[in-house]
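Geometric and topological summary
What follows is each chain in one-letter form.
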There are 2 protein chains.
Amino acid sequence: MEQRSDHTDRPRSDEATVAPFLAAARGEPTTHTPVWFMRQAGRSLPEYRAVRGDGSILDAIKQPDLSAEITLQPVRRYGVDAAVLYSDIVVPAHAVGFGIDVEPGRGPVADTPLRSRADLDRLRPLEADDVAYVTDTVDLLVDELPATVPLLAFAGAPFTVASYLIEGAPSRTYQHTKALMATDEVLWHDVMDRLASSAIEFISAQLAHGAGAFQLFDSWAGALSRADYERFVQPHSRRVVAELGERHPGVPSIHFGIGCDHLLESMYACGVSVIGLDWRTRIADARRRLGTDTAVQGNLDPALVLAGTDPALAGAAAVLADNAGHPAHIFNLGHGVQPDTDPGVLEAVTRFVQEETRR
Amino acid sequence: MEQRSDHTDRPRSDEATVAPFLAAARGEPTTHTPVWFMRQAGRSLPEYRAVRGDGSILDAIKQPDLSAEITLQPVRRYGVDAAVLYSDIVVPAHAVGFGIDVEPGRGPVADTPLRSRADLDRLRPLEADDVAYVTDTVDLLVDELPATVPLLAFAGAPFTVASYLIEGAPSRTYQHTKALMATDEVLWHDVMDRLASSAIEFISAQLAHGAGAFQLFDSWAGALSRADYERFVQPHSRRVVAELGERHPGVPSIHFGIGCDHLLESMYACGVSVIGLDWRTRIADARRRLGTDTAVQGNLDPALVLAGTDPALAGAAAVLADNAGHPAHIFNLGHGVQPDTDPGVLEAVTRFVQEETRR
């Protein structure tokens, strides 16, 4: 990486140092449509498998040198326009000793799920010191990354983290989560309040150390009806975005979930600067529903990347056509990179989007 | 069961023999809002586990006495307003020797998935004789069921069946299915055409033997964008509904998928009489989008049934409030009954809905 970056929020006069990602997130003209991929650092990369070894991702995340290297790998290989911190959405809960791990190939598992008020005591408020290894990683990365490639912080939104803590394992029904909502609304909101505070502290620490933007992942919010989302989830996600906006004015925020077309307006109303879309929602439809100048991120179907270079490039061209040249577009997949993805296809997609949109 | 039914499509003058299910599907006034549950016959019932034994569901389905008994169990226990044939969406593919089985706890698996034109040869056109055991079961059931409780036939819609045959196992990405769409559209449409014909023959045979309505399950269509749905799926599902409508005029049809809010108009445009909703779509919203007199089925979140009687009844009351007394409503869950469901809760829901809506 060429130079030390200077991650402040003030506008830069030298065009070469303006990050296309940050410009697009603010709806400002850029040299090209910026590209990054959710889960771009990970099992799809041979250089990741070479350094990662076995063991829990949560242990790997505790090693700043390793995490920084893993974060940089896709930036080097693809030339993407953002680095996304190598992390996991259960890091804050793990860091306060809740008792949760990530099983390879399965996902987050908790031996003793959160089901009662007594369990909430195991989720003490997060302090910056609990995640010093994360901010150490951020320090390394802001030294390494060029000014044109910001570091993205991320956290799980309170609902999605709650679903892992309450189910104790990946779920398709979210039955215990929904049961808690339906049977103890006071405890539900206390859990969500704790998780919202945790997300705020976690992201704020990373921004204070130089991350340039953040994404709030509410991956599984699409399991809810809009009425339940607005009653049980939205106030807490809105608080996360609002408090971070007060502490770090001008820092772009992205909100994303899978299968959330029916929640689009309600998720955007949390106050984020960019709405992340999966391939089920057309970019043009999102702007029709949310406002013509809405900044959007997305939304190539990762299945087309798995299908090969030709289908992936055809899909990428369709995404660009859907965006119709709007400056407020960050190109991404509509979901995380699948582990069996051919990196050559993502490299071709990155180059195609950057060159096709060069101004 | 009290009496032999007479499953013709002519209107009945004797109100006691008018099936509330059929009336509601046609938007006509009924004695009460009819209730049934997707996957009401199955592992959640102790009497099912007592008769079912081990082995593949596909073998159980080949035994008409056993299948008829299993179909009747929830009618007896809950007093639901429809019997749904104990069957599986891969029955027609299995019956023509494609080579597919259903693994307990996992779902449909094919040792040699459908990936090429040569594989299509293993999916020969279905003939009624291939599923004689199914129509034998239908014969037994129409003898047993009262006239007020119609038998529902069902089939997988072409896309959802294709996804099982092409993936070879349950999938969350549908990567091979989408790859085939993206790389060989001619073969894709040939596969879908074959599966549409199969669904038509399968359902038509059951209707000819006295089933009173049918549901087309496109469970996984929600994985597609609307543009892809309309290009790759809708013409085939539309043909299924249209041809069955010609062969069996006046027979109500239901179309259902999970997470299909973004496809609602396109799925309804296949021409069905009733649109099935999951809990993500409000009934009032569906009628606003599709027409104020649209007949709808749904849509209690099965997670609320798992949460216990009180949350389930509160949820059922919310569904009835959402429907606002419209006659064109068939009460159901928004997804299939989960195996660990307490039958006592479903019994309470059935009684609550039937009594609360008694006219």
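Everything below is about the structure shown above.
Residues numbered from 1 in each chain as written. Chains lettered and ligands numbered in written order. Predicted model: local features only at pLDDT ≥ 70, side-chain atom pairs only at ≥ 80, totals over all residues. Heavy atoms only, no water.

We now examine the layout of surface pockets. The volume enclosed by the second largest pocket comes to roughly 1,100 Å³. Going through the elements one at a time, helix H13 (283-290), strand S8 (295-300) and helix H15 (309-323) of chain A together with helix H9 (175-183), helix H11 (226-247) and helix H13 (283-290) of chain B are the ones with two or more residues in the lining of the second largest pocket. Residue composition of the lining of the second largest pocket, grouped by class: 12 nonpolar, seven polar and 22 charged. (1 Å grid on protein atoms, 1.4 Å probe; cavity = no way out; pocket = protein on both sides within 12 Å on 5 of 7 lines; lining within 4 Å. Points joined across faces, edges and corners; volume = space filled by probe spheres on them. Helix = DSSP H or I, 4+ residues; strand = E, 2+ residues; numbered from the N terminus. Nonpolar A, V, L, I, M, F, W, Y, C, P; charged D, E, K, R; others polar.)

Moving on, we come to the pairing of strand S5 (residues 213-217) of chain A. Residues and elements named next belong to chain A. Burial analysis of S5 places five of its five residues in the buried class, the great majority of the element. Here S5 shows no split at all, with Ala 213, Gln 215 and Phe 217 on one side and Phe 214 and Leu 216 on the other all buried. Sheet topology note: the S5/strand S6 (residues 253-256) ladder contains four bridges and is parallel. Bridge pairing links Phe 214 to Ser 253 in S6. The β-α-β motif built from S5, the intervening helix H11 (residues 226-247) and the parallel element S6 has right-handed crossover chirality. (Buried < 20%, exposed > 50% of the residue type's maximum accessible area, 1.4 Å probe, protein only. Pairing = 2+ DSSP bridges. Right-handed = clockwise from strand over helix to strand, strands pointing away.)

A few words now on the interface of chain B and chain A. Contacts between chain B and chain A engage 23 residues on the former and 23 residues on the latter. Broken down residue by residue, the surface that chain B buries against chain A is led by Arg 172, Gln 175 and Arg 280 of chain B, which jointly contribute 24%. Inspection of the region where chain B meets chain A yields two salt bridges. For Lys 178 of chain B, the salt bridge is made with Asp 301 of chain A, and the minimal N-O distance between the two is 2.7 Å. At the junction of chain B with chain A, the criterion picks out six residue pairs in polar contact (both at pLDDT 80 or more). Elements represented by at least two residues in the side of chain B that touches chain A include exactly H9 and helix H14 (302-306) of chain B. Top contributing element to the side of chain B that touches chain A by residue count: H9 of chain B, with five residues. Residues that form the side of chain B that touches chain A fall into these classes: 10 nonpolar, seven polar and six charged. (Contact = heavy atoms within 4.5 Å. Buried area = accessible area lost by both parts, 1.4 Å probe. Salt bridge = Lys/Arg side-chain N within 4 Å of Asp/Glu carboxyl O. Polar contact = N/O pair within 3.5 Å; in protein donor to acceptor, adjacent residues only side chain to side chain.)

Honestly, that's just the spatial picture; any functional story needs more than this.
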